[in-house]
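Each chain, letter by letter, is given below.
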Amino acid sequence: MTSADPAVPQRARILDPAAIERKLALNTYNVDASRAHIRIIDHDVCLHCVRQQCINCCPANCYVPNNDGRVIFSYEGCVECGTCRIVCHEFRNIEWTYPRGGFGITYRYG
Ligand code: SF4
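Student: Tell me about the overall build of the chain, residues and numbers included.
Tutor: What the chain contains, in helices and strands, is 3 helices and 6 strands. Ordered by position in the sequence, the α and β elements of the chain form the string α-β-β-α-β-β-α-β-β. Referenced to the eigenvectors of the C-alpha coordinate spread, the extents of the chain come out at roughly 45 × 30 × 20 Å. Within the chain, buried positions represent 28% of all 110 residues. Pairs at least 24 residues apart make up 67% of the contacts formed inside the chain by residues separated by at least 6 positions. As displayed, the chain offers around 7,600 Å² of accessible surface, 54% of which is attributable to carbon and sulfur atoms. Counting 12 positive and 11 negative side-chain charges, the chain places the centres of these two groups 6 Å from one another.

Quick look at the structure:
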């Protein structure tokens, strides 16, 4: 997606998204339905974040732009890389922990 409006943030374009999907599909997850290990602290803060790097940087596509300018987050497919914790350095609007023991991702690739 491209835009001539400099106020509209440009999104990174992944050349072969299917390749990432194929690798992620090999992993298994034991989702802790009673506790999200990551959450956006205040969704209104995202309205002030021009870059919203969490959307560009999350390899599992857990962050999705909402039409109202906020960010939708789902933790179920998280690969626990910690990237979102780092890229949200301007507003520190992500509360990040690992899943509880026995929950989360089991890597099966590589
Ligand atoms: Fe995405 Fe990594 Fe953050 Fe999980 S830890 S939500 S995979 S950027």
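Student: Give a detailed account of the site of the ligand, specifying residues and quantitative values.
Tutor: Close to the ligand lie 14 residues, the nearest being Cys58, Cys78, Cys81, Gly82 and Cys84. When grouped by side-chain class, the residues that make up the shell around the ligand number 11 nonpolar, 2 polar and 1 charged.

Student: Describe unusual backbone geometry, naming the residues involved and giving the relevant values.
Tutor: Located in the positive-phi region is Asn61, a residue other than glycine, with phi close to 60°. For Asn61, the location among the structural elements is in the loop between helix H2 (53-57) and strand E3 (63-65). Positive phi values are uncommon outside glycine, yet Glu80 reaches one of about 60°. With respect to the helices, strands and loops of the structure, Glu80 is situated in the loop between strand E4 (71-73) and helix H3 (83-87). What makes Glu80 buried here is its relative accessible area of 19%.

Student: Go over the nonpolar core, please, and point to the residues and values.
Tutor: Within the largest apolar cluster, 20 residues are counted, with the highest numbers of intra-cluster contacts made by Ile38, Cys62, Tyr63, Val71, Phe73 and Ile94. Taken together, the elements giving at least two residues each to this core come down to strand E2 (38-40), H2, E4 and strand E5 (94-96). Beyond its immediate stretch of four places on either side in the chain, Cys62 contacts Ile72, Phe73, Ser74, Gly77 and Cys78.

Student: Lay out the pattern of salt bridges with the relevant residues and their values.
Tutor: For the coordinates displayed, the defined rule picks out 5 salt bridges. In this structure, Glu95 engages Arg39 in a salt bridge whose closest nitrogen and oxygen atoms are separated by 3.2 Å. Placement of the pair is Glu95 in strand E5 and Arg39 in strand E2, with a sequence separation of 56 residues. Given the relative accessible area of 41%, Glu95 is considered partly exposed. With a closest N to O distance of 2.9 Å, Asp68 and Arg70 form a salt bridge. Here Arg70 falls in the partly exposed class, since its relative accessible area comes to 25%.

Student: Could you give an account of the environment of Val45, naming the residues involved and the relevant values?
Tutor: With respect to the helices and strands, Val45 occurs in the loop between E2 and H2. Measuring from C-alpha to C-alpha, the distance between Val45 and Asp68 comes to 12 Å, with 23 residues separating the pair along the chain. Contacts of Val45, omitting those with residues within four sequence positions, involve Phe91 and Asn93.

Thresholds, definitions, all that
- Residues numbered from 1 in each chain as written.
- Predicted model: local features only at pLDDT ≥ 70, side-chain atom pairs only at ≥ 80, totals over all residues.
- Heavy atoms only, no water.
- Helix = DSSP H or I, 4+ residues; strand = E, 2+ residues; numbered from the N terminus.
- Buried < 20%, exposed > 50% of the residue type's maximum accessible area, 1.4 Å probe, protein only.
- Contact = heavy atoms within 4.5 Å.
- Areas by Shrake-Rupley, 256 points an atom, 1.4 Å probe, with all protein chains shown as cover.
- Lys, Arg positive; Asp, Glu negative; His and termini not counted.
- Charge placed at Lys NZ, Arg CZ, Asp CG, Glu CD.
- Near = heavy atom within 4 Å.
- Nonpolar A, V, L, I, M, F, W, Y, C, P; charged D, E, K, R; others polar.
- Core = buried A, V, L, I, M, F, W, Y, C linked by side-chain atoms within 4.5 Å.
- Salt bridge = Lys/Arg side-chain N within 4 Å of Asp/Glu carboxyl O.

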